[in-house]
Amino acid sequence: QVQLVESGGGLVQAGGSLRLSCAASGSIFSFVSMGWYRQAPGKQRELVATITGGGTTNYADSVKGRFTISTSRDNKKTVYLQMNSLKPEDTAVYYCKLVRPLGTTWGQGTQVTVSS
């Protein structure tokens, strides 16, 4: 059974940077996509960025040019989200998501707080 463990969240001032990591445990031979979603208090969970097994990326308009999603080069079992020029509106719990032919797995979430 695959599990996802996120790390890298924290408190940062506006304009700062954070790098989130999501490590997948267990056997992953291929995946459809891995991605990051976020949920702010009182709001619905929304897509931040995704990357397919072939390397195609997709970003929410609100983070284009500021965030970059990537996977580890060795076995693609870790997905990263480099977040630059952070804004207070980026404050949310960030969740990692893995989509495989066998199903979907979510991580437990990591809090990102951006102070103004």
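On a predicted model such as this, the values are computed, not experimentally measured, just so you know.

## Let's talk about the pairing of strand β8 (residues 78-83)
Link 1 in the chain: With five of six residues buried, β8 lies mostly within the body of the structure.
Link 2 in the chain: Alignment of strand β7 (residues 67-71) against β8, held across five bridges, turns out to be antiparallel. The residue bridging T71 from the neighbouring strand is V79, located in β8.

## Some remarks on the state of the cysteines
Link 1 in the chain: Per the stated rule, a full pass over the model turns up one disulfide.
Link 2 in the chain: Here C22 is linked by a disulfide to C96, with a sulfur-sulfur distance of 2.1 Å. Residues C22 and C96 share a disulfide whose torsion about the S-S bond is about -85°; that sign makes it left-handed. You can see C22 sitting in strand β3 (residues 18-25) and its partner C96 sitting in strand β9 (residues 92-100), a full 74 residues away along the chain. Of the two residues, C22 and C96, both sit in the buried class.

## Things to note about the sheet that holds strand β1 (residues 3-7)
Link 1 in the chain: An order of β1-β3-β8-β7 is seen for the four strands of this open sheet, with the pairing classed as antiparallel. Looking at the sheet topology across the chains shown, the edges are occupied by β1 and β7. Sheet twist, expressed as the mean angle between neighbouring strand axes with direction ignored, is 15°.

## As for the packing of aromatic side chains
Link 1 in the chain: Summed over all chains, the structure comprises one aromatic pair.
Link 2 in the chain: Pairing Y37 with W106 gives two aromatic rings, centres 5.2 Å apart and planes at 65°, and the pair type is edge-to-face. Taken together, the residues span a long stretch of sequence, with Y37 in strand β4 (residues 33-39) and W106 in strand β10 (residues 103-106) at a distance of 69 residues.
Link 3 in the chain: Looking at R19, its charged tip hangs above the ring of Y80, at a distance of 4.0 Å from the centre.

## A look at the pattern of salt bridges
Link 1 in the chain: This structure, assessed with the given rule, holds four salt bridges.
Link 2 in the chain: Linking R38 and E46 is a salt bridge whose minimum nitrogen-to-oxygen distance equals 2.8 Å.
Link 3 in the chain: Where salt bridges share partners, they join R38, E46, R66 and D90 into one cluster.

## Quick look at the nonpolar core
Link 1 in the chain: Ranked by internal contacts, the top residues of the largest apolar core, which has 29 residues, are W36, L81, M83 and Y94.
Link 2 in the chain: Looking at this core, the elements with two or more residues in it are β3, β4, β5 (46-52), β7, β8, β9 and β11 (110-115).
Link 3 in the chain: Apart from residues no more than four positions distant in its own chain, L81 is found in contact with L18, R19, L20, W36, V48, A49, F67, T68, I69 and Y94.

## Looking at the pairing of β1
Each regular strand carries side chains that alternate between the two faces of the sheet.
Link 1 in the chain: Taking every second residue as pointing to the same face, the buried face of β1 carries L4 and E6, while none of Q3, V5 and S7 on the other face is buried.
Link 2 in the chain: Pairing analysis gives five bridges linking β1 to β3, with the strands arranged antiparallel. By the bridge assignment for β3, Q3 is matched with S25.

Cut-offs and rules
Residues numbered from 1 in each chain as written. Predicted model: local features only at pLDDT ≥ 70, side-chain atom pairs only at ≥ 80, totals over all residues. Heavy atoms only, no water. Buried < 20%, exposed > 50% of the residue type's maximum accessible area, 1.4 Å probe, protein only. Helix = DSSP H or I, 4+ residues; strand = E, 2+ residues; numbered from the N terminus. Pairing = 2+ DSSP bridges. Disulfide = S-S within 2.5 Å. Axes fitted to C-alpha atoms, helices over the stretch in contact; angles between N-to-C directions. Phe/Tyr/Trp six-rings, centres within 6.5 Å; stacked < 30°, edge-to-face > 60°. Lys NZ or Arg CZ within 6 Å of the ring centre and 35° of its normal. Salt bridge = Lys/Arg side-chain N within 4 Å of Asp/Glu carboxyl O. Core = buried A, V, L, I, M, F, W, Y, C linked by side-chain atoms within 4.5 Å. Contact = heavy atoms within 4.5 Å.

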